[in-house]
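Spelled out from the first residue to the last, the chains are:
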Amino acid sequence: MHELIIRNVNLVDGRCGQDVLIGAGRIVDVGRALDARAARTLDGGGNLLSPPFVDAHFHMDSTLTYGMPRVNDSGTLLEGIALWGELKPTLAQDAIVERALAYCDWAVAKGLLAIRSHVDVCDSRLLAVEALIDVRMRVKPYLDLQLVAFPQDGVLRTPGTLANLRRALSLGVDVVGGIPHFERTMADGAESVRILCELAADDGRLVDMHCDETDDPMSRHIETLAYWTQRLGLHGRVTGSHLTSMHSMDNYYVSKLIPLIREAQVSAVANPLINITIQGRHDTYPKRRGMTRVPELIDAGVTVAFGHDCVMDPWYALGCGDMLEVASMGLHVAQMTSAAGMRAAFDAVTVGPAQILHLDGYGIAPGCRADCVLLQARDPVEAIRLRAARLAVVRAGVIVAESPPATATLRIDGRPAHVDWNLRPMQPS
Ligand SMILES: [Zn+2]
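Residues numbered from 1 in each chain as written. Predicted model: local features only at pLDDT ≥ 70, side-chain atom pairs only at ≥ 80, totals over all residues. Heavy atoms only, no water.

## Notes on the overall build of the chain
A count of helices and strands for the chain gives 13 helices and 17 strands. For 429 residues, the compact-globule estimate of 2.2 N^0.38 gives 22 Å, and the chain sits close to it at 22 Å. C-alpha extents for the chain along the principal axes are approximately 65 × 45 × 45 Å. Relative to its full complement of 429 residues, the chain shows a buried share of 57%. For the chain, restricting intrachain contacts to residue pairs at least 6 apart in sequence, the fraction spanning at least 24 positions comes to 75%. Taken as a whole, the chain presents about 17400 Å² of accessible surface, with 53% of it coming from carbon and sulfur. Counting 41 positive and 50 negative side-chain charges, the chain places the centres of these two groups 3 Å from one another. (Helix = DSSP H or I, 4+ residues; strand = E, 2+ residues; numbered from the N terminus. Rg over C-alpha atoms; globule rule 2.2 N^0.38 Å. Buried < 20%, exposed > 50% of the residue type's maximum accessible area, 1.4 Å probe, protein only. Contact = heavy atoms within 4.5 Å. Areas by Shrake-Rupley, 256 points an atom, 1.4 Å probe, with all protein chains shown as cover. Lys, Arg positive; Asp, Glu negative; His and termini not counted. Charge placed at Lys NZ, Arg CZ, Asp CG, Glu CD.)

Structure (structure tokens):
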């Protein structure tokens, strides 16, 4: 007897009326009207069953600290970094753990079952590192947490940080991080990219750098990141996060840059909620949108993800772990309004980040891990449009969260009626 069968669901690839059979934490079979029994049956009701949402870029050490010790008035990246610097010495390990666990609960409820979180390694006590390693272990049954050693104040700019970063990796942090645009000079930024990529190559690590998170079109560390990636043979193992300066770069230069990114198989993570609010703060009008060139990167064959980046912290006051909100913002900022563009926005919070995290067995197919989310929508575009309710969230074949369908009862002319949010015709595929 299998554990679970989910009947009558639509899949992201457009197949309708499918059943998904689950056993021993894996997907056993997918097909129409499967002749199978399981201990539990879940009626999919013709809704969309998607692999879980994946967030390729988050900061779990700072999440839910909004207003501590005060609010970021200017809304800039630099005031956020300064504020975080004030807060860091006062952080207690158990409080970091408590906030991170609270956020993981939100994530699971929203069908977000894998998160790559940067963790600041500049505080030599490495409190946040120890806290998030503890959290990673505690949430493992229901959420994959991948950690990046992130030198928030600059690996060269801040004495002792490279040693801290190495120590964080030896304690169990997974990925090498960086922040070249925050080093003192462009030259130091480039040098930091070399040092960190060499460290990753020597140690067999993935790399994910905050890269060119600035409106300065001359911030070109992504070029250096692509260079060292191909030079060291790190193809497919390196991610450039933010890349916002690409928004303001000269088109001719970008026509050379994007093929270099593609050649090195460097992935890109845009963080639309944060980019649209933090960038362009020195502009009057016209005011830049501040997000990297997402459609152009996708067209060139670069793996792209939309990340959440922040929830209620020194950089961003809002958010609740809803990757459909992230996809919606990304779609709007990048004007990805074609049918293919909207589908690509859904991929940027599911398969794209799954590739970036090198997640194993991701997808709705026989042999994949039985992780999925049943959305109150019939297709990915409808899911984005409605920020669809997560009717059921499944981890390794076990239902770990459920939400009631979004509904409302109308009381007009004395005729009670339920609103059907899904009335619109299916989106063209
Ligand atoms: Zn970040």
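Moving on, there is more to tell.
## Topic: the sheet that holds strand 10 (residues 238-242)
Spatially, the eight strands line up as an open sheet ordered 5-6-7-8-9-10-11-12, and their pairing is parallel. Of all the strands in the sheet, just strand 5 (53-59) and strand 12 (304-306) have a single pairing partner and so form its edges. Between one strand axis and the next, the sheet turns through 25 degrees on average, direction left out of account. As paired elements, strand 8 (residues 175-178) and strand 9 (residues 207-211) share three bridges and run parallel to each other. By the bridge assignment for strand 9, G177 is matched with D208. Packing against the sheet, helix 3 (residues 127-139) makes contact with strand 6 (112-120) and strand 7 (144-150), and its axis sits at approximately 165 degrees to strand 7. (Pairing = 2+ DSSP bridges. Axes fitted to C-alpha atoms, helices over the stretch in contact; angles between N-to-C directions.)

## Observations regarding the pairing of strand 10
Burial runs high along strand 10: five of the five residues are buried. Of the strand pairs in this sheet, strand 9 and strand 10 are connected by five bridges, and their pairing is parallel. Looking at the pairing, D208 lines up with T239 of strand 10. Crossover strand 9 to strand 10 through helix 6 (residues 221-231) is right-handed. Handedness of the crossover joining strand 10 and strand 11 (residues 267-270) through helix 7 (residues 251-263): right-handed. (Right-handed = clockwise from strand over helix to strand, strands pointing away.)

## Some points on the coordination of the zinc ion
Surrounding the zinc ion are the protein donor atoms H57 (NE2), H59 (NE2), H210 (NE2) and D309 (OD), which sit 2.1 to 2.6 Å from the metal. One can describe the donor arrangement at the zinc ion as irregular, given that its four donor atoms subtend angles of 86 to 179 degrees at the metal. Taken in chain order, the donor set of the zinc ion reads H-x1-H-x150-H-x98-D. Taken as a pair, H59 in strand 5 and H210 in strand 9 lie far apart in primary sequence, 151 residues in all. Residue classification places H59 among the buried positions, given a relative accessible area of 6%. Owing to a relative accessible area of 3%, H210 belongs among the buried residues under this scheme. (Donors = N, O, S within 2.8 Å, 3.2 Å for Na, K, Ca; no water. Tetrahedral: all angles 85-135°; square planar, octahedral: opposite > 155°, others 65-115°.)

## Re the nonpolar core
Among the nonpolar cores identified, the biggest contains 107 residues, and M60, V135 and F306 are the most heavily contacted of them. Looking at which element gives the most residues to this core, the answer is helix 2 (residues 93-109), with eight residues. Setting aside residues up to four positions removed in sequence, V135 forms contacts with M60, V97, A100, L101, C104 and L145. Among the nonpolar cores identified, the runner-up in size contains 20 residues, and I22, L49, A370 and I399 belong to it. (Core = buried A, V, L, I, M, F, W, Y, C linked by side-chain atoms within 4.5 Å.)

## Concerning the pattern of salt bridges
Taken as a whole, this structure holds 22 salt bridges when the rule is applied. The salt bridge involving R7 is made with D19; its shortest N-O contact spans 2.6 Å. Taken together, the residues R7 in strand 1 (residues 2-11) and D19 in strand 2 (residues 18-23) connect sequence positions 12 residues apart. Take R7: its relative accessible area is 24%, and that puts it in the partly exposed class. Salt bridges here are not isolated pairs; linked through shared partners, they connect D144, R369, D371 and R395. (Salt bridge = Lys/Arg side-chain N within 4 Å of Asp/Glu carboxyl O.)

## Looking at the packing of helix 6 against helix 7
Contact geometry for helix 6 and helix 7: axes closest at 9 Å, N-to-C directions at 35 degrees. Helix 6 and helix 7 meet at a crossing whose hand is left-handed. Across the interface between the two elements, I222, E223, A226 and Q230 from helix 6 touch Y253, L257, L260, I261 and E263 from helix 7. Residues that form the contact of helix 6 with helix 7 fall into these classes: six nonpolar, one polar and two charged. (Left-handed = near helix turned anticlockwise from the far one by under 90°. Nonpolar A, V, L, I, M, F, W, Y, C, P; charged D, E, K, R; others polar.)

## Observations regarding the environment of S117
Counting through the fold element by element, S117 comes out in strand 6. In sequence terms S117 and L132 are 15 residues apart; their C-alpha atoms lie 9.0 Å from each other. Look past the residues within four positions of S117 in its chain and what remains in contact with it is F58, H59, M60, L132, L145, Q146, L147 and V148.

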